[in-house]
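Structural features, examined
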Amino acid sequence: MLSVLLGAAGLAAVLCLWFPSVLTTPELREIYDMTLIRGLIKAGLLAAFLCGTASLLLKRRKALGLTGIGLAGLATLMGGSQVEVSTPVRASDHLGLDWFLLNLLILATVFVPLEHLFARLPAQRVFRKGWTTDLAHFGVSHLLVQATVLLTLVPAAVFFRWAVSPTLQSAIAGQPVLLQFAEILVIADLTQYTTHRLFHAVPWLWRFHQVHHSAQCLDWLAASRLHLVDIVVTRAVGFVPVYVLGFATGPTYAYLVFVSFQAILIHANVNFRFGPLRWVLATPQFHHWHHSAESEALDKNFAVHLPVIDLVFGTFHLPGNRWPARYGLEGDPVPENYARQLAYPFRPSAHPRSPAIRPATPNTPPNTAS
Ligand SMILES: [Zn+2]
Ligand SMILES: [Zn+2]
C-alpha cells in the first residue's frame, strides 16, 4: 500500500514539474526550496520501488507491489526528480496538486506516528474503514484550493463592503498582535458555532453536514470528510467579521495556521486529554463527543476552538474521562463513496427527518443471545 501511495505521489509530483502553471500554487512556489523538493521526489520514488519489491517477494498477491513499481517506473521514465522547469512559470488558473502532496506528506509524517504512539483506539489501523473516501475529500478540497479560497473571500467583499469603517479597521489593526489573535479566535468561533448549529438544525443544511458525521472511524484524515458546500459556506460566513473588522495580516495568518492544525488534531485518534486546558480549548475528547452516535451526546459540542461557548449556550458535553463508544449516524444513511457523498444532499432523502428528531436510541448492548 505504501509503495502504491508513494508511487502515485511521485508520479503526481513529476506531473507538477511538467505542468507547473496548471498544477501548482504560485504562493507555494515562492516558498519551497526546489533542491529539497527534488530530493523528496527522489526518496519517495526509491521507497516506492523498495516497498514494491519487498511486497512482491513477501506477499502471495502481487497486485499492490506491481502497481507501486509500475507508478514509480512511469514517474522515472517521465524524468523523475530531474525534470527541468522552464522559468518563469506563468500565472494561470491552477489545481493545488503541490499543496495536496506537501500537506499530505507533512500531516502523515506528524500524525501517523503520533496516533501510533498515543492511540486512543490502538486497534484502529492507518488504512481503516473509509480511508479512501477521506483521502478523496482531502485530495479534492486541496486540488480546488484556488476556487475555495475565492469563494471564501469574495462574498464578504461583495455583500459587506458597506459595513467597512476605515477608522474602526485601523484601530483594530493597531492593537497588540496577541490581542488581535485572541479576538479573531473568539469572533471566528462564535460565527462557527452559529453556522455549525444551523447545519445541524436546518434539515436541508443537515444533509450536507451529515457527510462529515458519517465517519465511523475518527483520525487525522477523517477531519477532511466534509462536503464542499459545508466547507465553503462555513469559511465564507466565518470570514465576514474578520473582513469587516479588518484585523492585521499577521494575526489573521497565525489564526489560519492554528485553525488548520486544531481542526485536524480534534479528530485525531489520540488519547491526549490536556488537563485543565481542555476547559479552555477544544480537544480530541471534546470533538469526539460531537461525533458520537450515542443519544447522550446528540447535538452537543459545536464549538471548534472554545468549549466555553457550548457552556454558555447549554450544549456542552464532556463526561469526565469517558470517550464515546461509537461514532457515526444512526441507520448509516450516507453512502461510503466520494462521488455519492458529493451528490447525497441533492438526492431525494430516504431519511427525511431533521436532526432534532433523530432517534435517541440508547446504546445497544452486545448481542449475547445464541
Ligand atoms: Zn457537526
Ligand atoms: Zn468533526
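Residues numbered from 1 in each chain as written. Chains lettered and ligands numbered in written order. Predicted model: local features only at pLDDT ≥ 70, side-chain atom pairs only at ≥ 80, totals over all residues. Heavy atoms only, no water.

Points about the confidence of the model for the protein
Taken over all residues, the pLDDT of the protein has a mean of 89, while the share at 70 or more is 94%. Across residues 352–370 the pLDDT falls below 50, and counting only partners more than four positions away or on other chains, this stretch makes 26 contacts in the model. (pLDDT = per-residue confidence, 0-100. Contact = heavy atoms within 4.5 Å.)

A short note on the coordination of the zinc ion (ligand 2)
For the zinc ion (ligand 2), the full set of protein donor atoms is His-212 (NE2), His-267 (NE2), His-287 (NE2) and His-291 (NE2), at a range of 2.0 to 2.1 Å. With four donor atoms in place around the zinc ion (ligand 2) and angles of 93 to 156° between them, the coordination shape is irregular. Taken in chain order, the donor set of the zinc ion (ligand 2) reads H-x54-H-x19-H-x3-H. Of this pair, His-267 sits in the loop between α13 (249–265) and α14 (284–290) while His-291 sits in the loop between α14 and α15 (307–313), and the two are 24 residues apart along the sequence. Of the two residues examined, His-267 and His-291, each falls in the buried class. (Donors = N, O, S within 2.8 Å, 3.2 Å for Na, K, Ca; no water. Tetrahedral: all angles 85-135°; square planar, octahedral: opposite > 155°, others 65-115°. Helix = DSSP H or I, 4+ residues; strand = E, 2+ residues; numbered from the N terminus. Buried < 20%, exposed > 50% of the residue type's maximum accessible area, 1.4 Å probe, protein only.)

Observations regarding the coordination of the zinc ion (ligand 1)
Around the zinc ion (ligand 1), the donor atoms from the protein are His-196 (NE2), His-200 (NE2), His-209 (NE2), His-213 (NE2) and His-290 (NE2), and they sit 2.1 to 2.2 Å away. Counting residues between consecutive donors of the zinc ion (ligand 1) along the chain gives the motif H-x3-H-x8-H-x3-H-x76-H. Here His-209 lies in helix α11 (residues 203–213) and His-196 lies in helix α10 (residues 177–201), a separation of 13 residues in the sequence.

Focus on the packing of helix α6 (residues 97–117) against helix α7 (residues 131–143)
One way to put it is that α6 packs onto α7 with a least axis distance of 8 Å and a crossing angle of 135°. Overall, the two elements α6 and α7 adopt an arrangement that is oblique. In this structure, α6 meets α7 at a crossing whose hand is right-handed. Contact residues: α6 offers Leu-97, Trp-99, Phe-100, Asn-103, Leu-104 and Leu-107, while α7 offers Leu-135, Phe-138, Gly-139, His-142 and Leu-143. Residue composition of the contact of α6 with α7, grouped by class: eight nonpolar, three polar and no charged. (Axes fitted to C-alpha atoms, helices over the stretch in contact; angles between N-to-C directions. Parallel < 35°, antiparallel > 145°, perpendicular 65-115°, else oblique. Left-handed = near helix turned anticlockwise from the far one by under 90°. Nonpolar A, V, L, I, M, F, W, Y, C, P; charged D, E, K, R; others polar.)

Observations concerning the pattern of salt bridges
Following the criterion strictly, the structure yields six salt bridges and no others. We note a salt bridge from Arg-128 to Asp-134, for which the minimum N-O separation is 2.9 Å. Of the residues examined, Asp-134 reaches a relative accessible area of 0% and is grouped as buried. The residue Asp-219 makes a salt bridge to Arg-128 at a minimum N-O spacing of 2.6 Å. Of this pair, Asp-219 sits in the loop between α11 and α12 (228–245) while Arg-128 sits in the loop between α6 and α7; the two residues are 91 residues apart in sequence, bridging distant segments of the chain. Note on accessibility: Asp-219 and Arg-128 belong to one class, buried. Residues participating in the shared-partner salt-bridge network are Arg-128, Asp-134, Asp-219, Arg-225 and Glu-336. (Salt bridge = Lys/Arg side-chain N within 4 Å of Asp/Glu carboxyl O.)

Thoughts on helix α4 (residues 34–58)
Between its terminal C-alpha atoms α4 stretches 36 Å, which fits the 36 Å expected from 25 residues at 1.5 Å a residue. Buried within α4 we find Ile-37, Arg-38, Ile-41, Gly-44, Leu-45, Ala-48, Gly-52 and Ser-55. (Expected span 1.5 Å × (residues − 1).)

Here's the deal with unusual backbone geometry
For Phe-274, which is not a glycine, the phi torsion comes out positive at approximately 65°. Topologically, Phe-274 is positioned in the loop between α13 and α14. Notably, Asn-301 is not glycine yet its phi reads approximately 55°, a positive angle.

Concerning the side chain of Thr-148
Secondary-structure assignment places Thr-148 in helix α8 (residues 145–159). With relative accessibility at 5%, the residue Thr-148 sits in the buried group. Excluding residues that lie within four positions of it along the chain, Thr-148 makes contacts with Ser-141, Val-232 and Arg-235.

Considerations on the nonpolar core
Nonpolar side chains in soluble globular proteins tend to end up buried together. With 33 residues, the main nonpolar core has Ile-41, Leu-97, Leu-101, Phe-111 and Trp-220 as its most contacted residues. Broken down by secondary-structure element, the contributors of at least two residues to this core are α1 (2–18), α4, α5 (63–77), α6, α7 and α13. Here this core gathers at least three residues from each of two domains, domain 1 (1–94) and domain 2 (145–357). Ile-172, Phe-286, Ala-297 and Phe-302 belong to the second-largest nonpolar core, a separate cluster that totals 22 residues. (Core = buried A, V, L, I, M, F, W, Y, C linked by side-chain atoms within 4.5 Å. Domains from an automatic or database assignment.)

Let's talk about the packing of aromatic side chains
Overall, the coordinates contain 14 aromatic pairs when judged by the stated rule. Seen in terms of ring centroids, Phe-181 and Phe-258 are 5.7 Å apart; in terms of plane orientation they differ by 85°. Their pairing is edge-to-face. Of this pair, Phe-181 sits in helix α10 while Phe-258 sits in helix α13; the two residues are 77 residues apart in sequence, bridging distant segments of the chain. Assessed through its relative accessible area of 25%, Phe-258 is described here as partly exposed. Sitting over the ring of Tyr-344, Arg-207 keeps its end group 4.3 Å from the ring centre. (Phe/Tyr/Trp six-rings, centres within 6.5 Å; stacked < 30°, edge-to-face > 60°. Lys NZ or Arg CZ within 6 Å of the ring centre and 35° of its normal.)

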